[in-house]
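# Residue-level structure breakdown
So the chains spell out like this:
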Amino acid sequence: MVDGNDSNMRDQGSSASDPSSSSSSFQAANTGQFPVLKQKTYEPVVLPTPEQILAGQFWDSCPVKSVIAGALGGVMGALFGAAFGASDPSATTLAHTGEPLTLRQSVKAAFQPAAMRESVKHLRARSWSYAKGFGGFGMVYSGSECVIESVRAKHDVYNSAAAGCFTGASLAYQGGPKAMCFGCATVAAFSVLIDRFMDIH
Amino acid sequence: MATPPNSNMSPAEKAKAFDMAQLEMEYRVDLYNAMTASCFAKCMDTRYKEGDLNVGENSCVDRCAAKYWQVTGIVGQMLGGMQQQQQQPR
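The present account deals with the structure reproduced in this document. What you are looking at is a predicted structure, and each value in this text was computed from that prediction instead of being measured.

Contacts between the two partners involve 10 residues from chain B, matched on the other side by 12 residues from chain A. Taking both sides of the interface into account, the surface hidden between chain B and chain A amounts to around 800 Å²; carbon and sulfur atoms contribute 48%. Ranking the residues of chain B by area buried against chain A places Lys 49, Val 55 and Arg 63 of chain B at the top, with a combined share of 50%. One can count 0 salt bridges joining chain B with chain A.

If you want it as structure tokens, here you go:
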């Protein structure tokens, strides 16, 4: 019984894997059995080589992670700075009179070569400063979260809270203790909110 | 430890060596499976949000395996010491 069943299954397997075989013969062979819809295929498990393991450990290490996050933050900050730097309020007044311009005048003034050069310079400066800010934030946040998580050996929302607190405090270092406390609280709350919103944990 | 079978041993000795090697292998596999199971139960988040281990799970597994190995060594040493103590008074 077991033997016959086994050979029957093997027949089904061969006819299912061969697309050119007619479906009627397949169904005739299948009568009285459970309907076999699809032959399951299993990929063999391939163990990673030592080089692959080393590469994975390298890319998962905290310094590399924080540098990557800093670079991504820098790129994002540069784009943000470029977007907001174009709508700079200082470009809507004439430099030598300081009077506000009408929209038409300001557009006309903005397309003068000197003004264009000035605005491009301004935009680049603002883009660079945004890039530095965002990049620093990303680097400090990602690095501190990675360190905190690997020390705690847990993956939950408290990592984000602590990393946000550290980041907010360290970026407000020059503002004194009060500003550091405030930065800690706000950035921690913000990052916890973002985590909840993105449903990471 | 597994003895090389090509050395000039009597068949009885050879069979004994193979038995010991088999026992050792079974013990190792049991140890490995127990360690894997308990560290998986301790460290893994079973909601499986992402395919890879995250940083926390990684260091948890690291510590769990190290501790398990250390405790296994300590227990082995203690058992060996107890056996020696039991054998010596006779």
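Now for a positive patch on the surface. Among the surface-exposed residues, Lys 154 of chain A together with Lys 42, Arg 63 and Lys 67 of chain B lie close enough to one another that they form a single positively charged patch. Within the secondary structure, Arg 63 of chain B sits in helix α2 (residues 55-87).

All names here are of chain A. Going through the model one piece at a time under the given rule, you end up with 4 disulfides over all chains. Note on cysteine connectivity: Cys 62 is disulfide-linked to Cys 146, with sulfurs 2.1 Å apart. Classification of the bridge connecting Cys 62 and Cys 146 rests on its S-S torsion, roughly -85 degrees, and on that basis the disulfide is left-handed. Taken together, the residues Cys 62 in helix α4 (residues 62-85) and Cys 146 in helix α6 (residues 113-152) connect sequence positions 84 residues apart. The buried category is assigned to Cys 62, whose relative accessible area is 18%. Two residues, Cys 165 and Cys 184, share a disulfide whose sulfurs are 2.0 Å apart. When the S-S torsion is -90 degrees, as for the bridge of Cys 165 with Cys 184, the disulfide is left-handed.

Turning next to a nonpolar patch on the surface. Together, Val 75, Met 76, Leu 79, Phe 80 and Phe 84 of chain A line one region of the surface with nonpolar side chains, adding up to about 480 Å² of accessible area. Among the secondary structure elements, Val 75 of chain A is positioned in helix α4.

Here is what the cut-offs are and how they apply
Residues numbered from 1 in each chain as written. Chains lettered and ligands numbered in written order. Predicted model: local features only at pLDDT ≥ 70, side-chain atom pairs only at ≥ 80, totals over all residues. Heavy atoms only, no water. Contact = heavy atoms within 4.5 Å. Buried area = accessible area lost by both parts, 1.4 Å probe. Salt bridge = Lys/Arg side-chain N within 4 Å of Asp/Glu carboxyl O. Patch = residues over 30% accessible without salt bridge, like charges linked within 9 Å, V, L, I, M, F, W, Y side chains within 5 Å. Areas by Shrake-Rupley, 256 points an atom, 1.4 Å probe, with all protein chains shown as cover. Lys, Arg positive; Asp, Glu negative; His and termini not counted. Charge placed at Lys NZ, Arg CZ, Asp CG, Glu CD. Helix = DSSP H or I, 4+ residues; strand = E, 2+ residues; numbered from the N terminus. Disulfide = S-S within 2.5 Å. Buried < 20%, exposed > 50% of the residue type's maximum accessible area, 1.4 Å probe, protein only.

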